Amino acid sequence: MKLGVLFSGRGTNLGALIEACKDEDYPAEIAIAISNNPDAEGIAIAEAAGVRVQVINHKEFEDRDTFDAALDATLRDAGVELVCNAGFMRILTSGFVSHWHNRQLNIHPSLLPAFKGLHVHDRVLESGVRLTGATVHFVRDEMDEGPIVAQVAVPVEPDDTVETLTARVLVAEHKIYPMAIRLVADGKARVQGERVVIQGMTESEAGPLYVPALD
Ligand code: GRF
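Note that the structure is predicted; figures quoted are calculated from it, not measured.

Student: An account of the site of the ligand is requested, with residue identities and associated values reported.
Tutor: The ligand sits among Arg-10, Gly-11, Thr-12, Asn-13, Gly-87, Ile-107, His-108, Pro-109 and Glu-173. Backbone polar atom of Asn-13 to an oxygen atom of the ligand: 2.8 Å apart, as the coordinates give it. Elements represented by at least two residues in the shell around the ligand include exactly α1 (12–22) and β5 (104–108). Broken down by class, the residue content of the shell around the ligand amounts to 2 nonpolar, 5 polar and 2 charged.

If you want it as structure tokens, here you go:
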């Protein structure tokens, strides 16, 4: 399955997807990675790995519709079948979202539907929850909403700072995103109603959904 990865910054999830796709048995490949931010660190990660990367700077467009149209055209030209948002910091128009309905994933650093939006780890620490995590879900119009493909739980330690918690959750993100994409690419994760039904999952695919393997 041909992936189009959208990112805006650091690009560590892009890096994890690049690594996963190196495995011959992985059922997906990155056709193109696109950043809306010309200064994104992730651009260098893609270039170093020889992955096609393109900047589509939203500031050069009149409005969201024209930016999204350029994004859409570039993804289609590259033959993309599944769009994977990986730290993509732009709100997409409903036209774009409906075109890629059930063909666009997002990763969010919490156990959705808790802690949608930005500054997740600050709010997690303030709230005093003992468990947080990461979620991969299909994209819908509302931010951080949509059928959940996979979740991983991550403990919050008493002495955590935003930095330590971010780092621990990122380790889990880097495992769960490739795993969720594998389920979709293999046709094992299907949207029925507004829930994802998983069929024929192997034990190693099932494990990280519930118990983080953080080794
Ligand atoms: C990740 O925490 C992801 O869940 C969120 O944005 C962050 C992107 O990090 N959507 P990176 O650019 O992949 O390092």
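Student: So what about the nonpolar core? Which residues, and what values?
Tutor: Counting 44 residues, the largest nonpolar core has Ile-30, Leu-105, Val-149, Tyr-177 and Ile-181 as its most contacted members. If you tally residues by element for this core, the top one is helix α6 (residues 162–185), at 10 residues. Sequence-distant contacts of Ile-30, defined by excluding residues within four places in its chain, comprise Leu-3, Val-5, Leu-14, Leu-17, Ile-18, Cys-21 and Val-51. Counting 18 residues, the second largest nonpolar core, distinct from the first, contains Ala-31, Ile-32, Phe-67 and Leu-92.

Student: Help me get a handle on the environment of Cys-84, residues and values and all.
Tutor: The topology assignment puts Cys-84 in strand β4 (residues 82–85). Residue Cys-84 is classed as buried on the basis of its relative accessible area, which comes to 0%. For the pair formed by Cys-84 and Leu-131, sequence separation is 47 residues and the distance between their alpha carbons is 25 Å. If we ignore the near neighbours within four places in the chain, the residues touching Cys-84 are Leu-3, Gly-4, Val-5, Leu-6, Leu-17, Leu-105, Tyr-177 and Ile-181.

Student: Give a description of the sheet that holds strand β6 (residues 131–138) that names residues and reports values.
Tutor: One open sheet accounts for 7 strands, arranged β3-β2-β1-β4-β5-β6-β7; its pairing is mixed. Of all the strands in the sheet, the pair left with one neighbour each is β3 (53–55) and β7 (148–155). Going from strand to strand, the sheet's axes swing by 20° on average, the running direction of each strand aside. Where β6 meets β7, 7 bridges bridge the pair, whose relative direction is antiparallel. The residue bridging Leu-131 from the neighbouring strand is Pro-155, located in β7.

Student: Account for unusual backbone geometry, naming residues and giving values.
Tutor: A cis geometry characterises the amide bond from Leu-112 onward to Pro-113, with omega recorded as 10°. Tracing the chain through its elements places Pro-113 in the loop between β5 and α5 (120–127). The phi torsion at Asn-102 lies on the positive side, around 60°, for a residue other than glycine. Topologically, Asn-102 is positioned in the loop between α4 (94–99) and β5. You can call Asn-102 partly exposed: its relative accessible area is 28%. The phi dihedral of Asp-144 is positive, around 60°, even though this residue is not glycine. Examined against the element boundaries, Asp-144 turns out to sit in the loop between β6 and β7. Relative accessible area serves as the criterion here: at 11%, Asp-144 is assigned to the buried category.

Student: Please set out the side chain of Ser-35 residue by residue, giving values where relevant.
Tutor: Among the structural elements, Ser-35 can be located in strand β2 (residues 29–35). Residue Ser-35 is classed as buried on the basis of its relative accessible area of 0%. Among the polar contacts made by the side chain of Ser-35, one reaches the main-chain carbonyl oxygen of Asn-37 at a distance of 2.8 Å. In contact with Ser-35, other than residues within four places in its own chain, are Phe-7, Ser-8, Ala-40, Ile-43, Gln-54, Val-55 and Ile-56.

The rules behind each value
- Residues numbered from 1 in each chain as written.
- Predicted model: local features only at pLDDT ≥ 70, side-chain atom pairs only at ≥ 80, totals over all residues.
- Heavy atoms only, no water.
- Near = heavy atom within 4 Å.
- Polar contact = N/O pair within 3.5 Å; in protein donor to acceptor, adjacent residues only side chain to side chain.
- Helix = DSSP H or I, 4+ residues; strand = E, 2+ residues; numbered from the N terminus.
- Nonpolar A, V, L, I, M, F, W, Y, C, P; charged D, E, K, R; others polar.
- Core = buried A, V, L, I, M, F, W, Y, C linked by side-chain atoms within 4.5 Å.
- Buried < 20%, exposed > 50% of the residue type's maximum accessible area, 1.4 Å probe, protein only.
- Contact = heavy atoms within 4.5 Å.
- Pairing = 2+ DSSP bridges.
- Axes fitted to C-alpha atoms, helices over the stretch in contact; angles between N-to-C directions.

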